[in-house]
There are 2 protein chains.
Amino acid sequence: MKHEYNRIDKLTLNELITIAGNNNVYRDKSDLQSYSTDESTMAIPMYPEVVVKPSDVKIVAQILALANRKNIPVTPRGAGTGLSGGCVPLYSGLVLSLEKMNHIKRIDLNNLIAIVEPGVSLNQLDEALNQHNLYYPIHIGDMSATIGGSIATNAGGLNAVKYGVTRNNILGLEAVLTSGKTIHTGGEYIKCTTGYDFTQLLTGSEGTLAVITEIMLKLLPRPVTREMMFIPYNNLQNAIDTVPELLQLKTVPTGIEFIDNDAIKIVEEYMETEVPYHEQPAFLMIIMEGDSYDNVISHFSEIGDICRKHGAVEVLIPDDERAKRKLIDIREKIQPAIKKAGKSDLVDAVVPRSEIARFVYKVKEISRKYGIPVITFGHAGDGNVHLHPICSGIDEIVWTKKMPAVMQEIYKASVALGGTISGEHGIGMEKKQYLSLAMDKEKIRLMKEIKMIFDPNNILNPGKIFDL
Amino acid sequence: MKHEYNRIDKLTLNELITIAGNNNVYRDKSDLQSYSTDESTMAIPMYPEVVVKPSDVKIVAQILALANRKNIPVTPRGAGTGLSGGCVPLYSGLVLSLEKMNHIKRIDLNNLIAIVEPGVSLNQLDEALNQHNLYYPIHIGDMSATIGGSIATNAGGLNAVKYGVTRNNILGLEAVLTSGKTIHTGGEYIKCTTGYDFTQLLTGSEGTLAVITEIMLKLLPRPVTREMMFIPYNNLQNAIDTVPELLQLKTVPTGIEFIDNDAIKIVEEYMETEVPYHEQPAFLMIIMEGDSYDNVISHFSEIGDICRKHGAVEVLIPDDERAKRKLIDIREKIQPAIKKAGKSDLVDAVVPRSEIARFVYKVKEISRKYGIPVITFGHAGDGNVHLHPICSGIDEIVWTKKMPAVMQEIYKASVALGGTISGEHGIGMEKKQYLSLAMDKEKIRLMKEIKMIFDPNNILNPGKIFDL
């Protein structure tokens, strides 16, 4: 399949300006730089030729039709908070930033549905819903991410134990194909068996099939309170072994996170604070939502008993907002702390939740073998593990050279344990080389053929997930 | 696209016998008759040439490869409880009944996952899970349906308000393509962003893309108690207007059903019983699960107040198991009661939940226009309405002649209100002629091209959902 694209010539540029308006077409070097990469630490930046910021679906349709006709690659982009290089314009061309399509079009109190444009951020949505006492339960590490981007990567986050992932919380989409044709999928209803489910097919397709221009989200009543527990363990296996019993509780926790000692150390340094029981090798953080503080706390006593039974050293429940905020910060600052500490990779993998400890031990074994420290933490309740190989005590060139072999072994281990290579970050460009570890040839073939149906000229986010 | 298939000749039959074993290949007329239709009242039965009942995935793979090579249509079949003619072998050929693949392979208490074969019935699964205090929340009208069939149609049922539909409760599949190749989708984890989601693509594809041979289901802790309320209203609009407020409760009901007066009358006759307040035009039935009877009943008092505020005539809560059973029967016996009462059609449609009353009024208007009574009931909490045009007070030939126009108008009305033409029954062969009302050309084109990728010779359940 061709990877030869045309450059954006003067004529095409003028057409883009006519379509999108002069003030929505960007070509300054500083602008192009801002759209050359995402938050992944390993992606090599690539400058687009032009950044276009459409303001509505009709403009998106015209841009795609033009790009398709002129054989120009188009990379859709949300807030650029991705961690797999999914919105890096690998073949340059045009970055289609949806940031100006950031309107919440409707919050339907009768049907508990929100209709939003793709550039709306998760934070922005949450603030708007808060006014109506409603809730969209996807809570990810960086809430400045856009809804469009979260759908492209099927974002998971902290609350997946209770609420599932993005694909479980969206009802319909409007999307534009590279032909310039617009399709509408799903609708304002829970049940639908009317042909193949395009909402689900587009969710998690990382912008390779169509550009999402509108989203219909399922809303929930907003929980009154959100509380958390912090539980140090004297070994990781005990922490992980606690999880199945927690999942069988009648009132399931919203999230169950684990953090290893290396992550705690690095976040202590970053936050200039001391984490209680920081000498312990593993920690669980349990988040629970409910109707009232008292109600949640009553569940905590049962949960505390379960944790102690499984060898927890202590069970800590923050008793004021400040203490709670500090706990949330510990979890949320791990990633920035690691990033700040020096060169590192930020990736995720998935295993069945009972296999997390085994997987982490295997990762530590690989880490020792290559002399590359790997910090681990993540979502014990859903099996999604975050892995951060760091460049510490090793030359950067040597580190970079070793990394593909390290990651290959780590991903192999996750697949061998019944898992896969990405739970929420996506394949993007960073994990493309490892895809065949997780997907057999037949599925990759089917996927490529589906891509060809939607985008026969391969102009939409080319080189992501797979090479055609 | 061709609809010319080969007959199963002697040689092919012998090959089938060699593959599946003599006692798993059926050709007696009485056998073929049993596999000629499903529970839909309008589907015209079609005898297959042969029924094969494979016992494992390898046999399924060999059968599909053989049929593909010999150009013989294959219609996969679960328990035959479908309502859209989805498993009627429209082009005769081979019915592939999965009924002997009915083993629960594993119930994983640590990961809260069940691995089952497609022929396991929902009842059978529920009994097995009950022993472990676990729960698979899909509860449909006929629990003798198989898990395989419920995935093919993305079954919804009574509990969708709280738990969503089938596609929200499955984690992975094993499926065989017509090439004979087996693919594995998803896995024993909640989060996955590793390429396009084939689990979701196959769910609801009505056996047109692949034959599902194993299913990975997400399990939940089993609720301790399941209680219900029965609430007569003096008009339907009031009943429907109650729903949004119920959905905003912190503890959301498991199911919210509505029943019209015609349905109550027909079920009274069928059950030879009297339904309280049977003279009222509309009823809500609210189902709620919880940790304890007292806990659920405490929510009922709040719900009762909301219902009364919206004009409920009375709020009835059955006070013993017998009374509860009677209520469940009223709801569950509507369909058999209608079927027994004479010629009728049993279909479903979907609208946004706030539009149900408007939709039902429109249906009643169409009903009057054509002189064909239409009984309505269904899932007020998720927008899925069941419609039963009955042949009463009208000549059967005239009725049959009028029906396509009646259904066309009904489906048009559901789409005009922002809904679609099937929420849980599927398109099958019965709704195929109405698909273009609900799906634009571009989506139908994409769907057909996806079908061609999976099944280039169109041998798998041909003539369902669409004609190629």
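Keep in mind that what you see is a predicted model, and the values were worked out from it rather than measured.

Trainee: Explain the pairing of strand S8 (residues 170-176) of chain A to me, please; I cannot follow it from the model alone.
Mentor: Successive residues of a regular strand alternate their side chains across the two faces of the sheet. All names here are of chain A. Counting buried positions over the 7 residues of S8 gives 7, a clear majority of the element. Summarising the sheet, S8 and strand S10 (residues 211-218) pair through 6 bridges and their orientation is antiparallel. Within S10, the position partnered with Val176 by the bridge is Val211. As defined by bridge partners, S8 adjoins strand S9 (residues 182-186) across 5 bridges and the pair is classed as antiparallel. Looking at the pairing, Leu173 lines up with Thr185 of S9. The turn linking S8 back onto S9 is made up of 5 residues, and Gly180 within it adopts a positive phi angle of 95°.

Trainee: Just to check I follow, could you spell out the confidence of the model for chain A for this structure?
Mentor: For any part of a model where pLDDT is low, the fine detail of the predicted coordinates should not be relied upon. Per-chain confidence: chain A averages 95 in pLDDT, with 100% of residues scoring 70 or above. Predicted as a complex, the structure gets a pTM of 0.97 and an ipTM equal to 0.96.

Trainee: What should I look at first to understand the relation of the copies chain A and chain B in this one?
Mentor: A rotation about some axis, followed by a shift along it, carries one copy of the chain onto the other. For the pair chain A and chain B, the relating rotation is 180°, the translation along its axis is 0.0 Å, and the fit reaches an RMSD of 0.0 Å. Such a combination of rotation and displacement between the chain copies is what one expects of a two-fold axis. In this assembly, 100% of the residues forming the interface of chain A have copies in chain B that are likewise at the interface, indicating an isologous arrangement.

Trainee: How do you make sense of the interface of chain A and chain B when you look at a structure like this?
Mentor: How big an interface is tends to be stated in terms of accessible area lost as the parts join. Taken together, the contact pairs 83 residues of chain A with 83 residues of chain B. Of the roughly 6700 Å² buried at the junction of chain A and chain B (both faces included), carbon and sulfur atoms supply 59%. In terms of surface lost to chain B, no three residues of chain A exceed Lys191, Thr193 and Tyr196 of chain A, which account for 15% of the buried area on that side. Taken together, the links from chain A to chain B amount to 8 salt bridges. Linking chain A with chain B are 37 residue pairs in polar contact (both at pLDDT 80 or more). Of all the elements in the fold, those that place two or more residues in the side of chain A that touches chain B are S9, helix H7 (198-202), helix H8 (236-247), helix H15 (435-438) and helix H16 (441-454) of chain A. Among the elements that take part in the side of chain A that touches chain B, H16 of chain A stands out by supplying 10 residues, more than any other. In terms of residue class, the side of chain A that touches chain B is built from 34 nonpolar, 31 polar and 18 charged.

Trainee: Would you take a moment to explain the environment of Glu409 of chain B for this structure?
Mentor: All names here are of chain B. In this structure, Glu409 sits in helix H14 (residues 396-416). In this structure Glu409 comes out as partly exposed when scored by relative accessible area, which is 22%. Put simply, Glu409 and Asn110 are 299 residues apart on the chain and 50 Å apart in space, counted from C-alpha to C-alpha. When residues no more than four places from it in sequence are discounted, the contact partners of Glu409 are Ile366, Lys369 and Tyr370. Engagement of the side chain of Glu409 in a polar contact is seen with the side chain of Tyr370, the distance being 2.6 Å.

Trainee: Hey, could you run me through the sheet that holds strand S14 (residues 282-290) of chain A in this one?
Mentor: To summarise the sheet geometry, strands pair through backbone hydrogen bonds and adopt either a parallel or an antiparallel arrangement. All names here are of chain A. Reading across from one edge, S12-S14-S13-S16-S17-S15 is the order of the 6 strands in this open sheet, with antiparallel pairing throughout. Both edges of this open sheet fall to strand S12 (225-233) and strand S15 (347-350), since each of them pairs with a single strand only. With strand direction ignored, the average angle separating the axes of adjacent strands in the sheet is 20°. Those strands touched by helix H9 (residues 261-271) are S12, strand S13 (255-260), S14 and strand S16 (374-379), and its axis lies near 80° from that of S13.

Trainee: Any chance you could explain the sheet that holds strand S5 (residues 104-108) of chain A here in plain terms?
Mentor: Residue and element names in this part refer to chain A. If you trace the 5 strands from one edge of the open sheet to the other, you get S5-S6-S10-S8-S9, paired in antiparallel fashion. In this open sheet, the two strands that pair with only one neighbour each are S5 and S9. Averaged over all pairs of adjacent strands, the angle between their axes in this sheet comes to 10°, without regard to strand direction. For strand S6 (residues 113-116) and S10, the ladder comprises 4 bridges, and the chain directions are antiparallel. Directly across from Ile113, in S10, lies its bridge partner Lys218. Sheet strands in contact with helix H3 (residues 57-70) are S8, S9 and S10, and its direction is about 50° off that of S8. Helix H4 (residues 122-130) contacts S5, S6 and S10 of the sheet and is inclined by roughly 40° relative to S5.

Cut-offs used in this document
Residues numbered from 1 in each chain as written. Chains lettered and ligands numbered in written order. Predicted model: local features only at pLDDT ≥ 70, side-chain atom pairs only at ≥ 80, totals over all residues. Heavy atoms only, no water. Buried < 20%, exposed > 50% of the residue type's maximum accessible area, 1.4 Å probe, protein only. Helix = DSSP H or I, 4+ residues; strand = E, 2+ residues; numbered from the N terminus. Pairing = 2+ DSSP bridges. pLDDT = per-residue confidence, 0-100. Least-squares fit on C-alpha atoms with pLDDT ≥ 70 in both. Contact = heavy atoms within 4.5 Å. Buried area = accessible area lost by both parts, 1.4 Å probe. Salt bridge = Lys/Arg side-chain N within 4 Å of Asp/Glu carboxyl O. Polar contact = N/O pair within 3.5 Å; in protein donor to acceptor, adjacent residues only side chain to side chain. Nonpolar A, V, L, I, M, F, W, Y, C, P; charged D, E, K, R; others polar. Axes fitted to C-alpha atoms, helices over the stretch in contact; angles between N-to-C directions.

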